Amino acid sequence: MAHDHDHHHGGTYYVDQLCTIATCGALGIVAILMYRGSGPSGQPKLSYILAPQFFVPVLVGGIALLVLVTIRAITLWRQAGEARSCDHSHCAHDHGHDHGDGHAHAHDHAHDHSHDHGWTPLRYAVLMIPIALFLLNLPNSSFSAEKFGRDLHAGAVEGATGLIGDKGQAYHLGFRELTQAAFFPDQRAELEGKTGRLRGMFSPISEKEFTLFRVKMNCCAADAIPVGVRIITEEPLAGFRGKDWVEVEGQIQFRKLVGQDKYLPVLVVPSPWEKHIRTIPPQPDYGLE
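I will try to describe carefully the structure that is included in this document. Being a predicted model, the structure only gives us computed values, none of them experimental. (Residues numbered from 1 in each chain as written. Predicted model: local features only at pLDDT ≥ 70, side-chain atom pairs only at ≥ 80, totals over all residues. Heavy atoms only, no water.)

**Re the overall build of the chain**
As a reminder of what qualifies: Note on conventions: DSSP H or I runs of at least 4 residues are helices, E runs of at least 2 residues are strands, and numbering of each starts at the N terminus. Accessibility here uses a 1.4 Å probe with only protein chains present; expressed as a share of the type maximum, an area under 20% marks a residue as buried, one over 50% as exposed, and anything in between as partly exposed. Residue contacts are defined here by distance: any two heavy atoms, one from each residue, within 4.5 Å place the two residues in contact. Under the convention used here, a 1.4 Å probe and the Shrake-Rupley method define accessible areas, while residue burial counts only the protein chains that appear.
Check the secondary structure of the chain and you find five helices and 10 strands. Burial status across the chain gives 37% buried among its 289 residues. If you take every contact in the chain between residues at least 6 apart in sequence, the share linking residues at least 24 apart comes to 73%. Accessible area for the chain stands at about 16400 Å²; split by element, carbon and sulfur atoms hold 60% of it.

What follows is the structure, encoded as structure tokens:
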């Protein structure tokens, strides 16, 4: 009685495994490179699409993926070696068994189970998408806070350009405090007339008015919310472009939008504006001060 079992993997099996290893390895490398500083100010490219609390998990995931790829590559190498050895010796084993009844049973095991499911490149299409995007230099600054400035220009503010009574310096002031104060009369009264200093992205509206803004992001770029403060100068300003990062010092006021019962935080910059507005190095696109 002879049983013939031949365990043999077809050639496309190894092609499939090698493509899987290569694709997963490339994904791990991309995750690590996305974590590394490669933006205009040295920030990680992840900062264009993810909040900072997710940077380290992406890095750890990339490293773990490379470790798994290495382990699988070693096991595949050994598996291929065993298959070659089996092919040379034909993997034939002749076992004779005499059960005492005068019948000898010969079991010839030639292990030949062919597992050739075919190589389908389309199965790697999804895994290749982030790799292809990275090679195309995506994400880049088009995903950053720059694009949000246009969303903050709607509506003119009431009131004439000019300073009011000075109440001194507002310390530890940021976008968060100003935008929240705009909703509460007591907080508006507390801050109105004080001098504040903010850093953000410049988005021009007119020769005497622009928006200074940053972006709040809880998870990813999809939930990013632009937060802006209107800047009004007493004289025309020049020398700034829409992508510049600037620091502005001015008097805090709260103005209503024309035709709306809504207040906006405003910084009124006295003359000469050159003493109160200056360019600064690029800051992280997302996050509030």
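**Focus: the nonpolar core**
Within soluble globular proteins, side chains that are nonpolar tend to cluster in buried spots. The criterion, for reference: Here, nonpolar core means buried Ala, Val, Leu, Ile, Met, Phe, Trp, Tyr and Cys residues that are tied together by side-chain atoms lying within 4.5 Å of each other.
Counting residues in hydrophobic clusters, the biggest one holds 24 residues, and the most contacted among them are Val248 and Ile277. Looking at this core, the elements that each hand over two or more residues are helix H4 (175-181), strand S5 (195-206), strand S6 (209-216), strand S7 (225-233), strand S8 (245-256) and strand S9 (263-269). Broken down by element, the residue count for this core peaks at four residues, all from S8. In contact with Val248, other than residues within four places in its own chain, are Gly196, Arg197, Leu198, Phe210, Leu212, Ile231, Leu267, Val269, His276 and Ile277. Of all hydrophobic cores here, the second largest spans eight residues; its members include Ala51, Met201, Val215 and Ala224.

**Regarding unusual backbone geometry**
Cis geometry marks the peptide bond from Leu138 to Pro139; its omega dihedral reads 0 degrees. By secondary structure assignment, the location of Pro139 is in the loop between helix H3 (125-135) and H4. The omega torsion across Ser271 and Pro272 is -10 degrees, close enough to zero to call that bond cis. Here Pro272 is to be found in the loop between S9 and strand S10 (277-279). At Asn137, a residue that is not glycine, the phi angle is positive and equals roughly 65 degrees.

**Describing the side chain of Thr195**
Along the chain, Thr195 turns up in strand S5. Under the relative-accessibility criterion, Thr195 is labelled buried at 18%. Not counting residues up to four positions away in its chain, the partners in contact with Thr195 are Asp166, Gly168, Gln169, Ala170, Glu249, Gly250, Gln251 and Ile252.

**Some words on the packing of aromatic side chains**
Keep this limit in mind: For Phe, Tyr and Trp, rings pair up if their centres lie within 6.5 Å, where Trp contributes its six-membered ring, and each pair is then called stacked (planes under 30 degrees apart), edge-to-face (over 60) or tilted (otherwise). By definition, being over a ring means that NZ of Lys or CZ of Arg is both within 6 Å of the ring centre and within 35 degrees of the ring normal.
Throughout the structure, instances matching the rule amount to four aromatic pairs. Three or more aromatic residues joined by ring pairs form one cluster here, namely Phe202, Phe210, Phe240 and Trp273. Above the plane of the ring of Tyr263 lies Arg188, whose end atom (NZ or CZ) is 3.9 Å from the centre.

**Let's talk about the pairing of S9**
Note the following rule: In short, DSSP must find at least two bridges between two strands for them to pair.
Of all seven residues in S9, six are buried, a share of seventy percent or more. For S7 and S9, the ladder comprises four bridges, and the chain directions are parallel. By the bridge assignment for S9, Thr233 is matched with Val269. Bridge count for S8 against S9 is six bridges, and the pairing is antiparallel. Bridge pairing in S9 places Phe254 opposite Pro265. The turn linking S8 back onto S9 is made up of six residues, and Gly259 within it adopts a positive phi angle of 80 degrees.

**Re the pairing of S8**
Most of S8 sits inside the fold, with 11 of its 12 residues counted as buried. Two elements, S5 and S8, share seven bridges in a ladder whose sense is antiparallel. Looking across to S8, one finds that Thr195 is bridged to Gln251. Across three bridges, the pairing between S8 and S10 is antiparallel. The residue bridging Val246 from the neighbouring strand is Thr279, located in S10.

**Looking at the pattern of salt bridges**
For the record, the criterion: Salt bridge criterion: a side-chain nitrogen from Lys or Arg within 4 Å of a carboxyl oxygen from Asp or Glu.
Counting across every chain of the model gives six salt bridges. The partner of Glu190 in a salt bridge is Lys194, and the shortest N-O contact between them spans 3.2 Å. On the accessibility criterion, Glu190 (47% relative accessible area) is partly exposed. Lys194 sits in the buried class, given a relative accessible area of 17%. For Asp261, the salt bridge goes to Lys256, with nearest N and O atoms at 3.2 Å. By relative accessible area, Lys256 is classed as partly exposed at 26%.

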